[in-house]
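Observations on the model geometry
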Amino acid sequence: AAAAAAAAATTIIPGKEEEEIQRLRGRRGACRKPDKVWALRAYCELYEDVARELSERYPNNVRIYDMRDALNEASVQENMLRWCGFEEPVLDTRLHLNKKK
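Before going into details, it helps to say that this report is about the structure given with it. Source: prediction; values computed, not measured.

Calculation criteria
- Residues numbered from 1 in each chain as written.
- Predicted model: local features only at pLDDT ≥ 70, side-chain atom pairs only at ≥ 80, totals over all residues.
- Heavy atoms only, no water.
- Helix = DSSP H or I, 4+ residues; strand = E, 2+ residues; numbered from the N terminus.
- Buried < 20%, exposed > 50% of the residue type's maximum accessible area, 1.4 Å probe, protein only.
- Contact = heavy atoms within 4.5 Å.
- Areas by Shrake-Rupley, 256 points an atom, 1.4 Å probe, with all protein chains shown as cover.
- Patch = residues over 30% accessible without salt bridge, like charges linked within 9 Å, V, L, I, M, F, W, Y side chains within 5 Å.
- Salt bridge = Lys/Arg side-chain N within 4 Å of Asp/Glu carboxyl O.
- Expected span 1.5 Å × (residues − 1).
- Arc of directions from axis to C-beta.
- Polar contact = N/O pair within 3.5 Å; in protein donor to acceptor, adjacent residues only side chain to side chain.

**Quick notes on the overall build of the chain**
Helix and strand counts for the chain come out as five helices and zero strands. Shown N-terminal to C-terminal, the secondary structure of the chain runs as helices and strands in the order α-α-α-α-α. The buried share of the chain, taken over its 101 residues, is 17%. Of all intrachain contacts in the chain linking residues separated by at least 6 positions in sequence, the fraction that spans at least 24 positions is 13%. Carbon and sulfur atoms make up 54% of the accessible area of the chain, which totals about 8,400 Å².

Okay, structure coming up:
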């Protein structure tokens, strides 16, 4: 039964071991149908793992930026746009569409 649960769990999240899946779930026990919170948590972790792996494997093609920095720091925005091929990026960091009044 444990082997079947582990096999079912690895088909839910490719490349994840049963222990990792249970940690993502936040509970121990039999492999049950994941709830939305668990599924979102698992998706985010899998997405981060794949992105990190791709950025390590293809550093000239994939780059990861912290979104807070990318949205708020001109130097990071300029670096990101130059990496994308913009030779002279134009930045306007004064623009805040959702600024609280």
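**Focus on a nonpolar patch on the surface**
Taken together, the side chains of Val50, Leu54 and Tyr58 define a hydrophobic patch exposed on the protein surface, amounting to about 240 Å² of accessible area. You can see Leu54 is positioned in helix 3 (residues 36-57). Assessed through its relative accessible area of 34%, Leu54 is described here as partly exposed.

**As for helix 3**
Every α-helix carries 3.6 residues per turn, so stepping three or four residues along brings you back to the same face. The end-to-end C-alpha distance of helix 3 is 31 Å, a good match for the 32 Å that 22 residues give at a rise of 1.5 Å each. For helix 3, the set of buried residues is Trp38, Ala42, Glu45 and Ser55. Each buried residue of helix 3 lies within a common arc of 170 degrees when the element is viewed along its axis, so the set occupies one face. Of the exposed residues in helix 3, those oriented more than 90 degrees away from the buried face are Lys36, Leu40, Tyr43 and Tyr47.

**Side note on the pattern of salt bridges**
Evaluation of the coordinates by the stated rule reveals three salt bridges. Its salt-bridge partner being Asp49, residue Arg52 comes within 3.3 Å of it at the nearest N-O pair. Here the residue Arg52 and the residue Asp49 both occupy positions in helix 3, the gap between them amounting to three residues, near one helical turn. One salt bridge connects Glu53 with Arg57, and the closest N-O pair in it is separated by 3.3 Å.

**As for the environment of Asp66**
Structurally, the position occupied by Asp66 is in the loop between helix 3 and helix 4 (67-72). Residue classification places Asp66 among the partly exposed residues on the basis of a relative accessible area of 45%. Distance in space between the C-alpha atoms of Asp66 and Val76 is 9.1 Å, their sequence separation being 10 residues. For Asp66, the side chain forms a polar contact with the main-chain nitrogen of Asp69, separated by 3.1 Å.

Taken by themselves, the reported measurements are silent on function.
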